[in-house]
Amino acid sequence: QVQLVESGGGLVQAGGSLRLSCAASGRTFSTRDMAWFRQAPGKEREFLAAITWTGRTYYADSVKGRFTISRDNAKNTVSLQMNSLKPEDTAVYYCAAGSSSSDQSIRRTNVYDHWGQGTQVTVSS
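Everything in this summary refers to the structure shown in the same document. Throughout this document, residue positions are counted from 1 along each chain, in the order its sequence is written. Only residues with pLDDT of 70 or above have their local features reported here, since the model is predicted, and side-chain atom pairs are shown and tallied only from 80 upward, although totals for entire chains, interfaces and linings are computed over all residues. Water and hydrogen atoms were dropped before computing side-chain values, which therefore reflect all heavy atoms in the structure.

What about the pairing of strand β8 (residues 77-82)?
By the convention used here, strands pair only if DSSP detects at least 2 bridges between them. Secondary structure counts use DSSP, requiring at least four H or I residues in a row for a helix and at least two E residues in a row for a strand, with both numbered from the N terminus. Two strands pair when backbone bridges link them, and strand β3 (residues 18-25) and β8 are joined in this way by six bridges, in the antiparallel orientation. What sits directly across from Ala-23, in β8, is Thr-77. Of the strand pairs in this sheet, strand β7 (residues 67-72) and β8 are connected by six bridges, and their pairing is antiparallel. Looking at the pairing, Thr-68 lines up with Gln-81 of β8. Joining the antiparallel neighbours β7 and β8 is a turn of four residues, in which Asn-76 adopts a positive phi near 55°.

As structure tokens, then:
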């Protein structure tokens, strides 16, 4: 069982940066794939970035080069550094834990069986 708690959201101007953190409880964190998703009002939940338990990273094209995912297995945390933020990045951001079987499946919501409560990110123009 893994419980996830996100933090670090807030209001930022376009071009600014935020760092989201996700604290995980549970002894299996180091063997889980971790990901960040976001959901804007009226839209589907969108994959942003993932990091496997071995440290391999994946990014959506929309955030590649701007966002960086990292994990610290000793501290049971996964982070998302977000730079060059745009108004269209405004959404609720979610941390998720799961176990993927392929480079394709790691981007799918149904791979993840534990989710945080979400943290709001608002980017003003």
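Next comes the rest of the account.
Observations regarding the nonpolar core
The biggest cluster of nonpolar side chains holds 38 residues, and the ones touching the most others in it are Trp-36, Leu-80, Met-82 and Tyr-93. Mapped by element, the contributors of at least two residues to this core are β3, β4 (33-39), β5 (46-51), β6 (57-59), β7, β8, β9 (91-98) and β11 (119-124). Contacts between residues were defined by any pair of non-hydrogen atoms, one from each residue, lying within 4.5 Å. Those residues in contact with Met-82 that sit more than four places away from it in its chain are Gly-16, Ser-17, Leu-18, Leu-20, Arg-66, Phe-67, Tyr-93 and Val-121. Throughout, nonpolar core names a set of buried Ala, Val, Leu, Ile, Met, Phe, Trp, Tyr and Cys residues whose side chains join them through atoms within 4.5 Å. Only protein chains enter the accessibility calculation, which uses a 1.4 Å probe; a residue whose area is less than 20% of its type maximum is buried, one above 50% is exposed, and one in between is partly exposed.

A closer look at the sheet that holds β8
Spatially, β1-β3-β8-β7 is the arrangement adopted by the four strands of the open sheet, whose pairing is antiparallel. In the strand order of this sheet, the two ends are held by β1 (3-7) and β7, each with one partner. When strand polarity is set aside, the average angle formed by the axes of neighbouring strands in this sheet is 15°. Simply put, an axis is a line fit to the C-alpha atoms, just over the touching stretch for a helix, and the angle between two N-to-C directions goes from 0 to 180 degrees.

Section: the environment of Glu-6
Structurally, the position occupied by Glu-6 is in strand β1. Owing to a relative accessible area of 5%, Glu-6 belongs among the buried residues under this scheme. It is 21 Å that separates the C-alpha atoms of Glu-6 and Lys-64, two residues lying 58 residues apart in sequence. Ignoring sequence-local partners within four residues, the contact set of Glu-6 consists of Ser-21, Cys-22, Trp-36, Tyr-93, Tyr-94, Cys-95, Gly-116, Gln-117, Gly-118 and Thr-119.

As for the packing of aromatic side chains
Each pair of aromatic rings taken from Phe, Tyr and Trp, with Trp reduced to its six-membered ring, is defined by centres within 6.5 Å and is described as stacked if the planes are under 30 degrees apart, edge-to-face if over 60, and tilted in the remaining cases. Following the criterion strictly, the structure yields four aromatic pairs and no others. When the ring of Phe-37 is compared with that of Phe-47, the centres are 5.6 Å apart and the planes differ by 75°; the resulting orientation is edge-to-face. Remark: Phe-47 occurs in strand β5 and Phe-37 occurs in strand β4; sequence separation between them is 10 residues. Phe-37 gets classed as buried once you look at its relative accessible area, which sits at 1%. In this structure Phe-47 comes out as buried when scored by relative accessible area, which is 10%. For the pair Phe-37 and Trp-115, a centre-to-centre distance of 5.1 Å together with 55° between the ring planes defines the contact as tilted. In this pair, Phe-37 is assigned in strand β4 and Trp-115 in strand β10 (residues 112-115), connecting sequence segments 78 residues apart. Through a chain of ring-to-ring contacts, three or more aromatic side chains come together here, namely Phe-37, Phe-47, Tyr-112 and Trp-115.

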